[in-house]
Amino acid sequence: MNTSILKETVDQIFANGKGILAMDESTPTCEKRFEAARIPKTSEMYRKYRELIVTTTGLNESIGGAILFDETIRQTTDSGEPMAKVLMDAGIVPGIKVDMGAKSLAGFPNELVTEGLDGLRERLKEYKTMGARFAKWRAVITIGDNIPTDACIKANVHALARYAALCQEAEIVPIVEPEVLMDGDHTIQRCYEVTENVLKTLFHQLYQFKIDLEGIILKPNMVIAGKGCPIQNGIDEVAEATVNCLRSSVPASVPAIAFLSGGQSPQLAAEHLNAINTNFKDMLPWIVAFSFARAIQQPVLDAWKGEQSNVGEAQKLLSHRAKIAAAARRGEYSCSMESR
Ligand code: 5MM
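Residues numbered from 1 in each chain as written. Predicted model: local features only at pLDDT ≥ 70, side-chain atom pairs only at ≥ 80, totals over all residues.

## Looking at the sheet that holds strand β2 (residues 63-68)
In spatial order, the strands read β1-β2-β3-β6-β7-β8-β9-β10; together these eight strands close into a barrel with parallel pairing. Judged from the four bridges that link them, β2 and strand β3 (residues 93-97) form a sheet pairing that is parallel. Counterpart to Ala66 in the pairing with β3 is Pro94. Of the strands in this sheet, β6 (134-141) and β7 (173-180) touch helix α7 (residues 150-169), which is tilted by about 165° from β7. (Pairing = 2+ DSSP bridges. Helix = DSSP H or I, 4+ residues; strand = E, 2+ residues; numbered from the N terminus. Contact = placed C-beta atoms within 7 Å. Axes fitted to C-alpha atoms, helices over the stretch in contact; angles between N-to-C directions.)

What follows is the structure in structure tokens.
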């Protein structure tokens, strides 16, 4: 394994205060989002939407890496250019989602385990020929009555470690994403306990599988109360809990943390990231950035509505949200940026 190649990729993605755009919605997720926005759920509409994103002028000022879905990396723009090439030409590093989704964990009601290890070595080789230089695998941990179980956490971190090992063997940077969901009515304290447990178990497993921590990107959730919890904490409280939790469980050798947004509103996700990068700036041994999907894309999809005439406006919104996320990553965000 050539560690310097992995490090170069990480450096390029996060250079000049940039972050990652997650645009790797699987077909079931695309169906859900398009249905909600009343856009026809066809492969061609997914292609048009992804073309809108990758051809947005100036996206490369805020976005250093973009995660694609298998279908997208095989698609071209109207002018016949592969999506990954359009990104590369703009200086954005293409990445690829390689997990095959979170499925029910047999014997453990309401818990999930992510599948996709079979044939992964061969798939990584192919994705590399298509330009992918980093990959992503998302594990999903649910908080509820008596869950998550140790068995669920262990099954998921085991898969994450085996995935990361295969990526590093292929000189592809693994984004390691253990997402503790915001679904539920749990408090911020419960989210803290579960997230800390998951991350500590994860890093122990990564150590056992000889993962070079300097060649990964961690994509965690922020530490935040469940959506249904009556007590929703302030911006600074969320930032503080998140920083404390990460400092207690993530080794300093990890070069970068890129948060998922997890269903937070675009503004709230930016405010939390900004508070982390301002109030706690001197306590962070890692780059602390973003790998948002919904917190960047949701207004874009809503503005596009599947209509060619809306492409320009949707691209302006994409550029605006990406700029806001990058400002928050640098600790330069202010609420006044929300109005265009
Ligand atoms: C873009 O969505 C990604 C793929 O999800 P599915 O496998 O469920 O279709 C997802 O992993 C995403 O990258 C992360 O959840 C971050 O997205 P958010 O919206 O939480 O920032």
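Having seen the model, we can carry on.
## Description of the site of the ligand
By nearness alone, 16 residues border the ligand, and Ala22, Thr29, Ser261, Ala293 and Arg294 come closest of all. Its residues placed into classes, the shell around the ligand shows five nonpolar, five polar and six charged. (Near = placed C-beta within 6 Å. Nonpolar A, V, L, I, M, F, W, Y, C, P; charged D, E, K, R; others polar.)

## Notes on the environment of Glu171
Mapped onto the elements of the fold, Glu171 is located in the loop between α7 and β7. Of the residues examined, Glu171 has 17 C-beta atoms within 10 Å and is grouped as partly exposed. A sequence separation of 170 residues divides Glu171 from Met1, and the C-alpha atoms of the two residues are 6.5 Å apart. When sequence neighbours within four positions are dropped, the list of residues in contact with Glu171 reads Met1, Asn2, Ile5 and Leu6. (Buried ≥ 20, exposed ≤ 12 C-beta atoms within 10 Å, placed from the backbone.)

## Looking at helix α3 (residues 43-54)
In this model α3 runs 16 Å from its N-terminal to its C-terminal C-alpha over twelve residues, within 8% of the 16 Å that 1.5 Å per residue would give. Among the residues of α3, those classed as buried are Tyr46, Tyr49, Arg50, Glu51, Leu52, Ile53 and Val54. Packing partners of the buried residues in α3 comprise α2 (27-36), α4 (70-73), α5 (83-89), α11 (294-304) and α12 (311-329). (Expected span 1.5 Å × (residues − 1).)

## Examining the packing of helix α6 (residues 120-129) against α7
Close contact between α6 and α7 brings their axes to 10 Å; oriented N to C, the two are set at 45°. Judged on the interaxial angle alone, α7 and α6 are oblique. Read as a crossing pair, α6 and α7 show a hand that is right-handed. Mapping the contact onto sequence places Leu120, Arg121 and Leu124 in α6 and Tyr163, Leu166 and Cys167 in α7. Of the residues assigned to the contact of α6 with α7, the class counts are five nonpolar, no polar and one charged. (Parallel < 35°, antiparallel > 145°, perpendicular 65-115°, else oblique. Left-handed = near helix turned anticlockwise from the far one by under 90°.)

## Details of helix α10 (residues 266-279)
The end-to-end C-alpha distance of α10, which contains 14 residues, comes to 20 Å, matching closely the 20 Å that a straight helix rising 1.5 Å per residue would cover. Of all 14 residues that make up α10, ten are buried, and the element is covered over most of its length. Among the residues of α10, Pro266, Ala269, Ala270, Glu271, His272, Leu273, Asn274, Ala275, Ile276 and Asn277 are the ones counted as buried.

## Observations regarding the pairing of strand β9 (residues 256-259)
In β9, alternate side chains face the same way, and those of Ala256 and Ala258 on one face and Ile257 and Phe259 on the other are all buried. Summarising the sheet, strand β8 (residues 217-218) and β9 pair through two bridges and their orientation is parallel. The partner of Leu218 across the bridge, within β9, is Ile257. On the question of chirality, the crossover connecting β9 to the parallel strand β10 (residues 287-292) by way of α10 is right-handed. (Right-handed = clockwise from strand over helix to strand, strands pointing away.)

## Description of the confidence of the model for the chain
Averaged over the chain, the pLDDT score is 98; the fraction of residues at 70 or greater is 100%. With pTM at 0.98, the complex prediction returns an ipTM value of 0.94. (pLDDT = per-residue confidence, 0-100.)

## So, the environment of Cys30
With respect to the helices and strands, the residue Cys30 is situated in helix α2. According to the C-beta neighbour criterion, Cys30 is buried, with 22 such atoms within 10 Å. As a C-alpha pair, Cys30 and Ala327 span 297 residues in sequence and 28 Å in three-dimensional space. Not counting residues up to four positions away in its chain, the partners in contact with Cys30 are Glu25, Lys41 and Tyr46.

## Quick look at unusual backbone geometry
That bond from Ile147 to Pro148 is cis: its omega, 10°, falls within 30 degrees of zero. Inspection of the secondary structure assignment puts Pro148 in the loop between β6 and α7. Its identity is not glycine, yet Asn16 carries a phi of approximately 55°, on the positive side. Assignment of secondary structure puts Asn16 in the loop between α1 (3-14) and β1 (19-22). Phi angles above zero are rare outside glycine, and Lys210 is one such case at about 60°.

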